[in-house]
Amino acid sequence: MMITQLGNIFGDSQVASIISGKELGQQILSELKSEVFAIKKELNISPCLAVILVGDDPASGVYVANKRRTCEEIGIISKAYDLPASTTMKELLKVIHELNNLAEVHGILCQFPLPGGMNEQEAVLAIDPAKDVDGLNPLNVGLLATGQPKFISCTPLGVLEILKRYEVETVGKQVVVLGRSNLVGRPLATLLSQKGWDATVTICHSRTRNLESHVQQADIVIAAIGQPNFVTGEMLKENAVVIDVGINRLPSFDTNKKGKLCGDVDFEAAFQKARLITPVPGGVGPMTIAMLMRNTILAARLQNHSHPIEQKF
Ligand code: NDP
């Protein structure tokens with residue numbers, strides 16, 4: 001399912017199957033749409049996500065617009081809080097506190113990066129952990145670290161959903177996670193080493209020695225470092241599963257056009273070696289948004305003392 005076989009497009013006999021995060025994301029969104037409908041019927045509430053955008057960073061504007069549009073597509077109410085770049089930390093915290101106290105708002109997302117001089121950690125700490133659909137509040141991070149996850153940040157959750165739905169075996173497998181950020185690498189490595197996933201996980205970062213030798217041992221490679229085309233075909237073990245989280249924009253030679261998007265993996269070379277691979281764009285990205293919707297629905301259910309959606313973690 002959702003596997004695209006490109007056959008011998010690059011001329012070799014050994015080629016990977018491509019994971020379509022776009023199709024899988026759409027399938028999950030249609031499941032979630034039914035779930036929103038069921039909640040409305042059962043509990044007489046509409047899940048609601050408040051998205052705060054501070055300033056006018058163009059990339060953040062695009063991400064936020066996508067999130068709001070997806071909410072509307074599946075029946076989640078989206079509340080927009082667009083604040084000017086001149087907003088002070090005190091004003092932002094006031095908005096967050098108001099949203100914490102609004103019963104009809106189930107999830108709060110503050111889009112990062114915040115404009116220079118603002119303290120992101122302070123914003124994360126201010127969000128009520130029960131509405132922390134980004135899974136960044138230390139309470140949710142602690143629950144995850146101790147094996148009782150509630151809100152898992154959306155990108156790691158999206159990666160796990162890919163592995164689950166594509167039936168990628170993780171038990172006893174060697175997983176290498178490239179990147180140790182609190183947003184992606186670290187929660188992924190923590191979850192995959194926990195019971196249920198049972199992988200043997202190695203985290204690599206900018207100070208790792210002989211990084212290639214770690215990657216060469218890996219049955220599953222997850223790249224989240226923000227370095228274009230960093231993982232080469234030679235680094236990979238034959239038949240590895242490759243999940244590319246990275247989103248990088250290459251320089252453009254045409255001043256009127258944006259450069260091409262690429263991941264952290266050299267796709268064409270990795271495609272020759274891997275068994276399964278995610279493309280960029282159209283791989284992990286669409287899953288991240290779908291998981292934000294899922295966390296918002298989970299928040300709405302939990303705040304209304306209802307059963308959460310069935311999930312493995
Ligand atoms: P961060 O910049 O927070 O973290 C990057 C990590 O990669 C750090 O741990 C860093 O190591 C490590 N790293 C950087 N360069 C190297 C290198 N040359 N060799 C080994 N390790 C290296 O990034 P994020 O985790 O937030 O994001 C990672 C990528 O994922 C980005 O491209 C981002 O755009 C993308 N992303 C995609 C999402 C999606 O929905 N698809 C969502 C979120 C992020 P150290 O700790 O030593 O500095």
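Our structure is the block above this text.
Residues numbered from 1 in each chain as written. Predicted model: local features only at pLDDT ≥ 70, side-chain atom pairs only at ≥ 80, totals over all residues. Heavy atoms only, no water.

Novice: Provide a residue-level description of helix H5 (residues 138–145), including the pertinent values.
Specialist: In an α-helix, one turn spans 3.6 residues; hence positions three or four apart end up facing the same way. All of the buried residues along H5 are Asn140, Leu143 and Leu144. Considered in projection along H5, the buried side chains sweep an arc of 100° and stay on one side of the axis. Here the buried face of H5 lies against helix H7 (185–193). For H5, the N-terminal capping position is held by Asn137, with its side-chain oxygen 2.9 Å away from the main-chain nitrogen of Leu139. (Buried < 20%, exposed > 50% of the residue type's maximum accessible area, 1.4 Å probe, protein only. Helix = DSSP H or I, 4+ residues; strand = E, 2+ residues; numbered from the N terminus. Arc of directions from axis to C-beta. Contact = heavy atoms within 4.5 Å. Polar contact = N/O pair within 3.5 Å; in protein donor to acceptor, adjacent residues only side chain to side chain.)

Novice: Outline the site of the ligand, listing residues and values.
Specialist: Taken together, 21 residues surround the ligand, and among them Arg180, Ser181, Ser206, Ile247 and Thr288 come closest. Here Ser181 contributes a side-chain N or O atom positioned 2.5 Å from an oxygen atom of the ligand. Interatomic distance of 3.4 Å between a backbone N/O atom of Val245 and a nitrogen atom of the ligand. Calculation on the ligand without its partners gives an accessible area of 930 Å², and the protein chains cover 70% of this total. (Near = heavy atom within 4 Å. Areas by Shrake-Rupley, 256 points an atom, 1.4 Å probe, with all protein chains shown as cover.)

Novice: A description of the state of the cysteines should follow, citing residues and the corresponding values.
Specialist: Enumeration according to the criterion identifies zero disulfides in this entry. No disulfide involves Cys110; its sulfur sits 14 Å from that of Cys154, the nearest cysteine. Of the residues examined, Cys110 reaches a relative accessible area of 4% and is grouped as buried. (Disulfide = S-S within 2.5 Å.)

Novice: How would you explain the packing of helix H2 (residues 58–74) against helix H10 (residues 284–303) if you had to name every residue and give the values?
Specialist: Viewed as axis vectors pointing N to C, H2 and H10 meet at an angle of 55°, and their least axial separation amounts to 10 Å. If you check the angle between H2 and H10, you find them oblique. Relative to H10, the crossing made by H2 is right-handed. Note on element contacts: H10 touches H2 through Ile289, Leu292 and Met293, opposite Asn66, Lys67, Thr70, Cys71 and Ile74. Here the contact of H2 with H10 is built from residues that sort into five nonpolar, two polar and one charged. (Axes fitted to C-alpha atoms, helices over the stretch in contact; angles between N-to-C directions. Parallel < 35°, antiparallel > 145°, perpendicular 65-115°, else oblique. Left-handed = near helix turned anticlockwise from the far one by under 90°. Nonpolar A, V, L, I, M, F, W, Y, C, P; charged D, E, K, R; others polar.)

Novice: An account of the sheet that holds strand E4 (residues 77–83) is requested, with residue identities and associated values reported.
Specialist: Pairing is parallel in the open sheet, where three strands are placed in the order E4-E3-E5. The sheet is open, and its two edges are formed by E4 and strand E5 (107–110), each paired on a single side. Neighbour-to-neighbour, the strand axes of this sheet turn through a mean angle of 15°, independent of strand direction. In the packing of H2 onto the sheet, the strands contacted are strand E3 (48–54), E4 and E5, and the crossing angle to E3 comes to about 165°. (Pairing = 2+ DSSP bridges.)

Novice: Residues and numbers for the nonpolar core, please.
Specialist: One finds Leu49, Ile76, Ile162, Leu192, Ile222, Ile243 and Met293 to be the most contacted residues of the largest nonpolar core, which totals 55 residues. What Leu49 contacts, discounting residues up to four positions off in sequence, is Cys71, Ile76, Ile77, Ser78, Lys79, Gly107, Ile108, Leu109, Val133, Leu292, Met293 and Thr296. (Core = buried A, V, L, I, M, F, W, Y, C linked by side-chain atoms within 4.5 Å.)

Novice: How would you explain the environment of Gly185 if you had to name every residue and give the values?
Specialist: As for its position among the elements, Gly185 is in helix H7. Each C-alpha atom of the pair Gly185 and Pro281 lies 19 Å from the other, and the pair is 96 residues apart in sequence. Filtering out sequence-adjacent residues up to four positions away, Gly185 remains in contact with Val177, Gly179 and Arg180.

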